[in-house]
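Coordinate analysis (summary)
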Amino acid sequence: MANPCQLVWQYRLSISLIAATLGFIASLSVSVARSVNPKLAIPSPNLNQQEQLNSKMLQINGLIGEEQEIYQQMLAYLAEEEAKRLTFSVPVEFQGKTIRSRVLNNKAKVIALTFDDGPSSETTPQVLDILQREGIKATFFVVGKTVKNHPQLLKQIVADGHAIGNHTWNHHYHQYSPWAAAQELETTAQLIHKLTGVKTALFRPPAGILNNGLVNYAHQKKYAVIMWSADTKDWQSRRITVPKLINNALEDAQPGGIILLHDGGGDRSKTVQALPKLITELKQRGYQFVTVPELLDMPD
Ligand SMILES: [Zn+2]
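Figured I'd write up the structure that's included with this text. In this text, all values refer to a predicted model and were calculated from it rather than measured experimentally. (Residues numbered from 1 in each chain as written. Predicted model: local features only at pLDDT ≥ 70, side-chain atom pairs only at ≥ 80, totals over all residues. Heavy atoms only, no water.)

Around the zinc ion, the protein contributes the donor atoms Asp117 (OD), His167 (NE2) and His171 (NE2), at 2.0 to 2.1 Å from the metal centre. Motif for the zinc ion, donor spacing along one chain: D-x49-H-x3-H. In this pair, Asp117 sits in the loop between strand 3 (110-116) and helix 4 (124-134) while His167 sits in the loop between strand 5 (163-166) and helix 7 (178-196), placing the two residues 50 residues apart along the sequence. Taking the relative accessible area as the measure of exposure, His167 reaches 1% and is therefore buried. (Donors = N, O, S within 2.8 Å, 3.2 Å for Na, K, Ca; no water. Helix = DSSP H or I, 4+ residues; strand = E, 2+ residues; numbered from the N terminus. Buried < 20%, exposed > 50% of the residue type's maximum accessible area, 1.4 Å probe, protein only.)

Now the structure itself:
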């Protein structure tokens, strides 16, 4: 028969663990709910998390001995997990490389939707709604100066669980000196991190230009340069039709593929119109949707 002291200890341990987990989940839910409502003042997730931890620390002071220690360990573990969630790193084999798709020997039917040039107040909320409805995570390559104008939208993209990539500050196409290229990438990376706590090792050059100095810098800094294997051509906003846009994606869809779409940089109403149908078609063909970091992390 178990020693009564042991039983009490085990009981206290279970209560502490459950309380800590529920408390943390509840406070995270509040922060997500807040970040979805743009009218409320939102601290960035990393600051928010720090506040949550501080308040938990006050509660911990009311506990004793092992309970306090267990509680602290659990909070440290959760903080570590949150930091991991906000770090979009890439495996060593893809660092400093340019990737158009992932060749998977096991032919896993996965595909990544990517959205460039946002966030935009017209398109991004609609895209996020569709992705949430469909239960899909995507990857957003954001432009620094646009993020500066719509910080809440970037926070919402992150709160919804999507991955973030760097798409320069200005989205220009000209030649860059190494210094200018560094400015473009680093100022964007810093703003993304300041607002959301996200660190990203993904870079996509504007217009897919590979030889104007930006990609050289990105490779040196061990970014994975993420291109695409299927171009919807939604950037031809006036000339493209919704069925053509969908067809462009489906024609080039392949296991391990990356689809290029846009949620910013102009009128993207056709992208929004096409997206539900495109997702349905891909699901019918057996595809599962992954973010770019998930795609790069998959075993082949
Ligand atoms: Zn772009």
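Once that is clear, we can look at the packing of helix 4 against helix 10 (residues 269-284). One can describe the packing of helix 4 onto helix 10 by two numbers: an axis separation of 10 Å at closest approach and a directional angle of 25°. Comparing the axis directions of helix 4 and helix 10 gives the class roughly parallel. Where helix 4 crosses over helix 10, the two elements pack in a sense that is right-handed. In this structure, helix 4 uses Gln126, Val127, Ile130, Leu131 and Glu134 to contact helix 10, whose residues at the interface are Val272, Leu275, Pro276, Ile279 and Lys283. (Axes fitted to C-alpha atoms, helices over the stretch in contact; angles between N-to-C directions. Parallel < 35°, antiparallel > 145°, perpendicular 65-115°, else oblique. Left-handed = near helix turned anticlockwise from the far one by under 90°. Contact = heavy atoms within 4.5 Å.)

With that out of the way, let us pick up the pattern of salt bridges. Taken as a whole, this structure holds five salt bridges when the rule is applied. Across the pair Asp116 and Arg204 runs a salt bridge whose closest N-O atoms are separated by 2.7 Å. Pair noted here: Asp116 is in strand 3 and Arg204 is in the loop between strand 7 (202-203) and helix 8 (214-220), with a separation of 88 residues, a long-range link. Exposure class is identical for Asp116 and Arg204. Each is buried. Across the salt bridge formed by Lys283 and Glu134, the nearest N and O atoms sit 2.9 Å from each other. Highlighted residues: Lys283 in helix 10 and Glu134 in helix 4, separated in sequence by 149 residues. Assessed through its relative accessible area of 36%, Lys283 is described here as partly exposed. (Salt bridge = Lys/Arg side-chain N within 4 Å of Asp/Glu carboxyl O.)

In this section: the nonpolar core. Across soluble globular proteins, you tend to see nonpolar side chains buried next to one another. Ranked by internal contacts, the top residues of the largest apolar core, which has 42 residues, are Leu113, Phe115, Leu131, Phe140, Ile164, Leu275 and Leu282. Top element by residues in this core is helix 10. It accounts for six residues. Leave out the neighbours within four places in its chain, and Leu131 touches Leu113, Phe115, Ile136, Ala138, Phe140, His162, Leu275 and Ile279. Core analysis: the next-biggest nonpolar cluster, separate from the first, contains 33 residues, Ala189, Ala218, Met227 and Met298 among them. (Core = buried A, V, L, I, M, F, W, Y, C linked by side-chain atoms within 4.5 Å.)

A separate point is the side chain of Asn166. Here Asn166 lies in strand 5. Polar side-chain contacts of Asn166 include one of 2.9 Å to the backbone oxygen of Leu185. Residue contacts for Asn166: discarding those within four places in its chain leaves Phe141, Val142, Glu184, Leu185, Thr188, Ala189, Thr200, Leu202, Phe203, Arg204 and Tyr223. (Polar contact = N/O pair within 3.5 Å; in protein donor to acceptor, adjacent residues only side chain to side chain.)

In the structure shown here, the tally under the stated rule is two aromatic pairs. With a centroid separation of 6.3 Å and an interplanar angle of 65°, the aromatic rings of Phe203 and Tyr223 are classed as edge-to-face. Highlighted residues: Phe203 in strand 7 and Tyr223 in the loop between helix 8 and strand 8 (224-226), separated in sequence by 20 residues. For the pair shown, Phe203 and Tyr223 are each scored as buried. The aromatic ring of Tyr287 is capped on one face by Lys109, whose charged end is 4.8 Å from the ring centroid. (Phe/Tyr/Trp six-rings, centres within 6.5 Å; stacked < 30°, edge-to-face > 60°. Lys NZ or Arg CZ within 6 Å of the ring centre and 35° of its normal.)

We now examine helix 4. Every buried residue of helix 4 is listed here: Thr124, Val127, Leu128, Ile130 and Leu131. Seen along its axis, helix 4 keeps its buried residues to an arc of 160°; they face one direction. Opposite its buried face, helix 4 presents the exposed residues Gln132 and Arg133, each directed more than 90 degrees away. Taken together, the buried residues of helix 4 touch strand 3, strand 4 (139-142), helix 6 (151-159) and helix 10. Count one or two residues on from helix 4 and you reach Gly135, which has phi positive near 70°. (Arc of directions from axis to C-beta.)

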